[in-house]
Amino acid sequence: MEFTAKQIAELIGGRVEGDENATVSSFSKIEEGKPGAISFLSNPKYTHYIYDTQSSVVLVNEDVVLEQPVRTTLIRVANAYECVAKLLQFYESMKPRKTGVDPLAFVSPSAKIGENCYIGAFAVIEDNAVVGDGCQIYPHCYVGQGVTIGNDSVLYPHVVIYYGCKVGQRVILHAGCVIGADGFGFAPSANGYDKIPQIGIVTIEDDVEIGANACVDRSTMGSTYVRRGVKLDNLVQIAHNTDIGENTVMSAQVGVAGSSKVGKWCMFGGQVGVAGHLVIGDKVNVGAQSGIIGNLKSDQSYMGSPVMDPKLFFKSMAVLRRLPEIYKMVNDMEKEIKELKKGKQA
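Cut-offs used in this document
Residues numbered from 1 in each chain as written. Predicted model: local features only at pLDDT ≥ 70, side-chain atom pairs only at ≥ 80, totals over all residues. Heavy atoms only, no water. 1 Å grid on protein atoms, 1.4 Å probe; cavity = no way out; pocket = protein on both sides within 12 Å on 5 of 7 lines; lining within 4 Å. Points joined across faces, edges and corners; volume = space filled by probe spheres on them. Helix = DSSP H or I, 4+ residues; strand = E, 2+ residues; numbered from the N terminus. Nonpolar A, V, L, I, M, F, W, Y, C, P; charged D, E, K, R; others polar. Pairing = 2+ DSSP bridges. Patch = residues over 30% accessible without salt bridge, like charges linked within 9 Å, V, L, I, M, F, W, Y side chains within 5 Å. Areas by Shrake-Rupley, 256 points an atom, 1.4 Å probe, with all protein chains shown as cover. Salt bridge = Lys/Arg side-chain N within 4 Å of Asp/Glu carboxyl O. Buried < 20%, exposed > 50% of the residue type's maximum accessible area, 1.4 Å probe, protein only.

Caption draft 1: Up close: the layout of surface pockets. Taken as a whole, the largest pocket encloses approximately 1,200 Å³ of empty space. Residue lining of the largest pocket: 31 residues in total, with L88, Q89, E92, I172 and E209 positioned closest to the centre. Of all elements in the fold, only β5 (37-41), α2 (80-94) and β28 (231-232) reach the threshold of two or more residues within the lining of the largest pocket. Counting residues per element, the lining of the largest pocket draws most heavily on α2, at seven residues. Tallied by class, the residues present in the lining of the largest pocket amount to 14 nonpolar, seven polar and ten charged.

Written out as structure tokens, the structure is:
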């Protein structure tokens, strides 16, 4: 399907500079541009590509100043990155969606399946599960007994949702994601470790996206919560009885231990570790590979392990790089002091 620069500008509220009839039918990175593609420029580091790109249309911010003429048609917008996201969403929505239940899928007679759903081959929908309208459940997914899934949610291949868990509307669960496995609960005993039954559930609210092979554990009692709008990257581990606040995002390999509460609009870099039973405020930003071992206040940024103010962290790293030199200086000073003491005693 083709769109003109004029049509795209009207869709995203932009302003055309160049040929408003230029047509595009695909997306491309600006450095790999080709005729018939639309690209975007939001990072100044890539500005030099705009002068030679072959893309027919490029989205740029209103305040971008170009030092020489360009051959491509520009669409100026307030935020090019946000606008390309909207266009990609629109493009994705135009793709035809599968419907119907594959004859190789198993759907329990007591399960309720909404309208216009797709259930792929070898998917299993257990007793009393409820699947909302417009859901896409790809091959080899498992939806356990009593699970509820809201409208327009997508389960990619090999997603597993254990019994009783609740999934909201427009949720996306990527391949291999596991929702509702037992929390890591064991009580030490004379003979080893006695398993503590995990009788709670997981509740995933609307508009959540969870990456491939990520895990959200069921609670011991009550529910583990992933609140509205949360985005979890691949290989994220959310332990039992945690509560992840609205619109929080976590990059790959973040781990949150049991019974911790994370606030709204937080951003965690890759491999951040969160100890158990902590409270983290709203709008907290934590750098990659940081370790959180205590409660954190809202509207703050942290780095390091254990976490500290980023300025202090970078100062500490500067000193750390000089530790061998400093260690040698201290040893030399100790030797000099010993020699001075010997001289005085003599």
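Caption draft 2: The sheet that holds strand β16 (residues 148-149), seen in detail. Taken in spatial order, the nine strands of this open sheet run β10-β13-β16-β19-β24-β27-β30-β33-β36, and their pairing is parallel. Lying at the two open borders of the sheet, with one neighbouring strand each, are β10 (112-113) and β36 (279-280). Direction of pairing for β10 relative to strand β13 (residues 130-131): parallel, over a ladder of two bridges. Pairing of I113 across the sheet is with V131, part of β13.

Caption draft 3: Summary view of a nonpolar patch on the surface. The grouping of F184, F186 and Y193 at the surface amounts to a nonpolar patch, some 420 Å² of accessible area in total. Its location among the elements puts F186 in strand β22 (residues 186-189).

Caption draft 4: Spotlight on the pattern of salt bridges. Under the counting rule described, the total for this entry stands at 14 salt bridges. When the shortest N-O distance is used, the salt bridge between K29 and E32 registers 3.5 Å. Relative accessible area serves as the criterion here: at 47%, K29 is assigned to the partly exposed category. Accessibility expressed as a relative area gives 49% for E32, which makes it partly exposed.

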